[in-house]
Amino acid sequence: MFRIQNITVKYNAKEVIDNLNLEINEGRIFGVLGSNGAGKTTLFESIFQNTKYNGQILLQNQPISKRDISYLESENYFYPYLSVSDILSLFINENEDEKMKKLTNFFNIPTDAIVEKLSLGTKKKLAILCNILIDRPVYLFDEPFNGLDFDSVEKFYFIIDELKKRNKIVLISSHIMETLTHCCDYIGHLQNGKFIKIYLSEEYHLIRTHLTEDIQKDWVSYTNI
Ligand SMILES: Nc1ncnc2c1ncn2[C@@H]1O[C@H](COP(=O)(O)OP(=O)(O)OP(=O)(O)O)[C@@H](O)[C@H]1O
């Protein structure tokens, strides 16, 4: 069990994560849906112990550590002059050429290409491969869909399903609702550092209903100016 208990993060005097609580069981995929600035990255940075917070983040009732987590950051950095195979060989044993071939074929990544020359989406796919080659109980994917083309999105859903079968705890953030409804067991709507609602999969149709109601209210107040 992964558990967040009453965490709060402040930048200067501003509360960016506000007394947030969450529980996720093994083999469950949790989506974090939030607008720009809602606090998604701050939440992931706190879970990964990169940001100071008040409260507790626990895995199996023990304080979580970086060693428990494979973290895909929203922006991916690689030393630019290495090749794809140089980077993947950091995560794959020398005698596992076949594994490297299969993984790069899966995402259509040229193994000899130099990272500097890769497109944005191809760098994202390489980063995803590196992340899944790290075997950890918890996976954090911050905006994994940014830059992915349509078939890579489907392949990413497949990867998430594999992590689920391996009983991993997975958190995925996105600005886009549909990406999360496809692959998550439940979705938390993060607003101003709080989950204003957690939707179960049978309630996903309500996310759009609630957003439309808010948009209509905002539209009326705008037209009354
Ligand atoms: N290092 C920092 N110092 C001060 N304020 C910060 C810092 N990092 C983030 N913030 C603020 O915290 C709030 C939440 O930011 P965060 O990056 O967590 O949101 P997000 O949901 O990931 O946004 P986006 O979807 O735009 O990436 C924002 O108001 C942001 O300006």
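An unreviewed UniProt entry lists the protein chain under the name ABC transporter, from Chryseobacterium culicis.

Further remarks concern the nonpolar core. Among soluble globular proteins, nonpolar side chains are generally buried collectively. In terms of nonpolar packing, the biggest core is built from 47 residues, with Ile47, Leu140, Val170 and Ile172 touching the most fellow members. Not counting the four nearest positions on each side in its chain, isoleucine 47 is found in contact with Ile57, Ile64, Ile69 and Leu140.

The next subject is the sheet that holds strand E1 (residues 2-11). Pairing between the strands of a sheet comes from backbone hydrogen bonds, and it takes one of two forms, parallel or antiparallel. Pairing within the open sheet is antiparallel, and its four strands lie in the order E2-E1-E4-E5. Strand pairing shows two members of the sheet lacking a second neighbour, strand E2 (14-24) and strand E5 (62-63), which therefore form its edges. Sheet analysis places E1 next to strand E4 (residues 54-59), joined by five bridges and oriented antiparallel. Note on E4: the bridge partner recorded for glutamine 5 is glutamine 56. Docked against the sheet, helix H1 (residues 40-47) engages E1, E2 and E4, running at close to 65 degrees with respect to E2.

Another point: H1. In terms of burial, H1 is largely enclosed, as eight of its eight residues are buried. Taken residue by residue, H1 has Lys40, Thr41, Thr42, Leu43, Phe44, Glu45, Ser46 and Ile47 as its buried positions. One or two residues past the end of H1 sits glutamine 49, with phi positive at roughly 65 degrees.

Moving on, we come to the UniProt feature "domain: ABC transporter" (unreviewed entry) in the protein chain. Within this numbering scheme, the UniProt entry marks residues 2-217 as carrying the feature "domain: ABC transporter" (unreviewed entry). As annotated, residues 2-217 has a helix share of 34% and a strand share of 29%, and its two end C-alpha atoms lie 37 Å apart.

Let us look at the site of the ligand. Every residue close to the ligand is listed here: Tyr11, Val16, Gly34, Asn36, Gly37, Ala38, Gly39, Lys40, Thr41, Thr42 and His175. No other element matches H1, which puts three residues into the shell around the ligand. Along the lines of polarity and charge, the residues of the shell around the ligand split into three nonpolar, seven polar and one charged.

What follows deals with unusual backbone geometry. A positive phi is found at asparagine 19, a non-glycine position, where the angle reads about 50 degrees. You can see asparagine 19 is positioned in strand E2. Accessibility expressed as a C-beta count within 10 Å gives 13 for asparagine 19, which makes it partly exposed.

Definitions and cut-offs
Residues numbered from 1 in each chain as written. Predicted model: local features only at pLDDT ≥ 70, side-chain atom pairs only at ≥ 80, totals over all residues. Core = buried A, V, L, I, M, F, W, Y, C linked by C-beta atoms within 7 Å. Buried ≥ 20, exposed ≤ 12 C-beta atoms within 10 Å, placed from the backbone. Contact = placed C-beta atoms within 7 Å. Pairing = 2+ DSSP bridges. Helix = DSSP H or I, 4+ residues; strand = E, 2+ residues; numbered from the N terminus. Axes fitted to C-alpha atoms, helices over the stretch in contact; angles between N-to-C directions. UniProt positions renumbered as here; feature names shortened; annotations may be inferred. Near = placed C-beta within 6 Å. Nonpolar A, V, L, I, M, F, W, Y, C, P; charged D, E, K, R; others polar.

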